[in-house]
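Structural features, examined
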Amino acid sequence: MKRLEELKANLDHCYAESTCYGRGSLVPFAHGLQTVDDWTCPILDYAGFFSYTPRSKLYLAREVLAGNMEIDEQLVRIFYSCPDCGVCDSLCPLPHLEISRAMKEHIAEGGYIPEPNRKLNDNLREKHNLFGAANENRARWARALQIPKQGKVLYFAGCYHSYRQPKTARAVIKILRTAGVDVAFLAGDEWCCGLHGGFSGNVDLEREMANHNIEEIKRCGAEKVIFSCASCYRTFRTDYPQLSNYSFEVVHIVELLSELVKEGKIEMSEKGEQEITKVTYHDPCHMGKHHLGRGFNLYQAPRDVITSIQGVEFTEMERHGLWADCCGGGSSVVSSAYPKVTKYLSQKRLLQVQEDVDTLLTTCPRCIENLRRAAKELGRRVIVEDLVSFIGERISS
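Not measured: the values here are computed from a predicted model.

Calculation criteria
Residues numbered from 1 in each chain as written. Predicted model: local features only at pLDDT ≥ 70, side-chain atom pairs only at ≥ 80, totals over all residues. Heavy atoms only, no water. Helix = DSSP H or I, 4+ residues; strand = E, 2+ residues; numbered from the N terminus. Rg over C-alpha atoms; globule rule 2.2 N^0.38 Å. Contact = heavy atoms within 4.5 Å. Areas by Shrake-Rupley, 256 points an atom, 1.4 Å probe, with all protein chains shown as cover. Lys, Arg positive; Asp, Glu negative; His and termini not counted. Charge placed at Lys NZ, Arg CZ, Asp CG, Glu CD. Buried < 20%, exposed > 50% of the residue type's maximum accessible area, 1.4 Å probe, protein only. Salt bridge = Lys/Arg side-chain N within 4 Å of Asp/Glu carboxyl O. Polar contact = N/O pair within 3.5 Å; in protein donor to acceptor, adjacent residues only side chain to side chain. Pairing = 2+ DSSP bridges. Axes fitted to C-alpha atoms, helices over the stretch in contact; angles between N-to-C directions. Parallel < 35°, antiparallel > 145°, perpendicular 65-115°, else oblique. Nonpolar A, V, L, I, M, F, W, Y, C, P; charged D, E, K, R; others polar. Disulfide = S-S within 2.5 Å. Phe/Tyr/Trp six-rings, centres within 6.5 Å; stacked < 30°, edge-to-face > 60°. Lys NZ or Arg CZ within 6 Å of the ring centre and 35° of its normal.

**Notes on the overall build of the protein**
- Secondary structure summary: the protein contains 19 helices and twelve strands in total.
- By the compact-globule yardstick of 21 Å for 397 residues, the protein fits well, its C-alpha radius of gyration being 21 Å.
- Sequence-distant contacts, at least 24 apart, represent 76% of the contacts inside the protein between residues at least 6 apart.
- With an accessible surface of roughly 16,600 Å², the protein has 46% of that area assigned to carbon and sulfur atoms.
- Each charge sign in the protein was given a centre, from 49 positive and 52 negative side chains, and these centres are 3 Å apart.

Structure representation (structure tokens):
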């Protein structure tokens, strides 16, 4: 309840403009520089009830804080089924995501956290990764690469790229070494960034992950930390400064890739002798939009990288940048507790890929899993791949 108390002033200042949850016929009077013809808040689109909108959640939080409303299953569903994509925070001056997280902290403190989320937090606490896998296997992908644990530049692989999508992790090392960058890796001393803990209401667990990771990074002597996971990048940039202190630079590999391409330090071409590959790009929520008031807007860098590849034809999805629809994963909070929400939103997003596109690229491992599943369920033959691994296969070394 403490965090809600700190945000109390914001709960009374909704101007009822409704711009936080729609554009087009839903909210025809929403005009301004940041607008599109049609857009609907993802969870409102799925649930169909006004109580799921950011505007309504302000009212619900105010009533809970005032003691006029008890926590029940429906209230938990309203807050935990929202993927927290961040569009509302980008459009409205009120801190909607902070309020949502404060409510989930209050819900979790009362013992009402959904059981799937509780189990994932147990994995973080006991095994230091999201999947409950043996932590000594975190560095399996790097065993043949002889990566040192000390250095000024460190690669933070994250849970997904360490356990489920190691191809991307290996591509990062290939790219950096091709560019002449000496890179280190914490191996088994790397823990989960703690994103799920924070977004499921267990901020103390996220703080535990933050304190450990920051201490290990300081110990290895890193001045710059490079990420390939959009969620890890977001957690270090947005959450960690509020939980602990660090002085190292936080960089996503796509930012660095864009610089390396412009400087001519890496060259890329299509694989083999084949036809033009048509690709599109899905903007992950954690690489842009406003998350707790801090927008990264990493929209142009991946496009600069993609359009620099020989033999690749790039086309935009209808909704991109700020307005890109969420895959529905919701930091694994939604996908674990409310999988039907994720299925609906990921399929909706996948259907926005043009029929003649060969490959859908993105930079978020959660988006990759959800969109791959959606493609399989819908019978679409589009390949869903990480931009970094796509680049790694095309580097002229």
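There's more to say after this.
**Points about helix α14 (residues 253-262)**
- Among the ten residues in α14, seven count as buried, and that is most of the element.
- Turning to α14, its buried residues number three or more, namely Ile253, Val254, Leu256, Leu257, Ser258, Leu260 and Val261.
- Looking at the buried residues of α14, the elements they touch are α10 (166-178), β5 (224-227), β6 (249-252), α15 (300-306) and α19 (387-392).
- Within two residues after α14, glycine 264 carries a phi angle of roughly 75°, on the positive side.

**Regarding the environment of glycine 67**
- The topology assignment puts glycine 67 in the loop between α4 (54-65) and α5 (73-80).
- Residue glycine 67 is classed as exposed on the basis of its relative accessible area, which comes to 55%.

**Points about the pattern of salt bridges**
- Throughout the structure, instances matching the rule amount to 26 salt bridges.
- Among the ionic pairs, arginine 62 bridges to aspartate 12, the shortest N-O distance being 3.7 Å. With arginine 62 in helix α4 and aspartate 12 in the loop between α2 (8-11) and β1 (22-23), the pair connects residues that are 50 residues apart, well separated along the chain.
- A relative accessible area of 48% means that aspartate 12 is categorised as partly exposed.

**Observations concerning the side chain of threonine 363**
- On the secondary structure map, threonine 363 appears in the loop between β11 (359-362) and α18 (365-378).
- Engagement of the side chain of threonine 363 in a polar contact is seen with the side chain of tyrosine 281, the distance being 3.0 Å.
- Contact partners of threonine 363, with chain neighbours within four places excluded, come to Ser228, Cys229, Ala230, His252, Val254, Tyr281, Pro284, Met287, Asp386 and Leu387.

**Focus: the sheet that holds strand β3 (residues 153-156)**
- Strands sit in the order β4-β3-β5-β6 across an open sheet of four strands; the sheet is parallel. Where the open sheet ends on each side, the last strands, each with one partner, are β4 (184-185) and β6.
- Helix α13 (residues 230-243) contacts β3, β5 and β6 of the sheet and is inclined by roughly 155° relative to β6.

**Quick notes on the packing of helix α12 (residues 203-220) against α13**
- The N-to-C vectors of α12 and α13 enclose an angle of 100°; their axes lie 10 Å apart at closest approach. What the angle tells us is that α12 and α13 run roughly perpendicular. Residues Val203, Glu206, Arg207, Met209, Ala210, Asn211, Asn213, Ile214 and Ile217 of α12 touch α13, and the partners they reach there are Thr235, Phe236, Asp239, Tyr240 and Leu243.
- Partitioning the contact of α12 with α13 into residue classes produces eight nonpolar, three polar and three charged.

**Comments concerning the state of the cysteines**
- On inspection of all chains with the given rule, the structure shows zero disulfides.
- The cysteine cysteine 193 is free of any disulfide, with cysteine 232 supplying the nearest cysteine sulfur at 4.0 Å.
- Given a relative accessible area of 5%, cysteine 193 falls into the buried group.
- Of the cysteine sulfurs around cysteine 285, a residue in no disulfide, the closest is that of cysteine 326, at 3.9 Å.

**Examining the side chain of histidine 161**
- When you line up the elements, histidine 161 lands in helix α9 (residues 158-164).
- The buried category is assigned to histidine 161, whose relative accessible area is 0%.
- Within the structure, histidine 161 has its side chain in polar contact with the side chain of serine 228 (distance 2.8 Å).
- With near-sequence residues (within four places) excluded, histidine 161 lies in contact with Trp141, Tyr155, Pro166, Thr168, Ala169, Ser228, Cys229, Pro365 and Asp386.

**Some words on unusual backbone geometry**
- In this structure, glutamine 146 takes a positive phi of about 50° despite not being glycine.
- Structurally, the position occupied by glutamine 146 is in the loop between α8 (115-127) and β3.
- Given a relative accessible area of 70%, glutamine 146 falls into the exposed group.
- The phi dihedral of alanine 187 falls on the positive side, at around 55°, and the residue is not glycine.
- Tracing the backbone shows alanine 187 in the loop between β4 and α11 (195-199).

**What about the packing of aromatic side chains?**
- For the structure shown, the criterion picks out 13 aromatic pairs.
- Geometrically, the ring pair formed by tyrosine 21 and phenylalanine 50 is edge-to-face, given 5.6 Å between the ring centres and 85° between the ring planes. Residue tyrosine 21 is found in the loop between α2 and β1, and its partner phenylalanine 50 is found in the loop between α3 (42-47) and α4; the two are separated by 29 residues along the sequence.
- Three or more aromatic residues joined by ring pairs make a cluster, and in this case those are Phe156, Phe227, Phe236, Tyr240, Tyr246 and Phe248.
- Directly above the aromatic system of phenylalanine 199 lies the positively charged group of arginine 101, at a separation of 4.6 Å from the ring centroid.
- If you follow lysine 104 out to its NZ or CZ, it ends over the ring of tyrosine 80, 5.8 Å from the centre.

Structural measurements only, silent on function.
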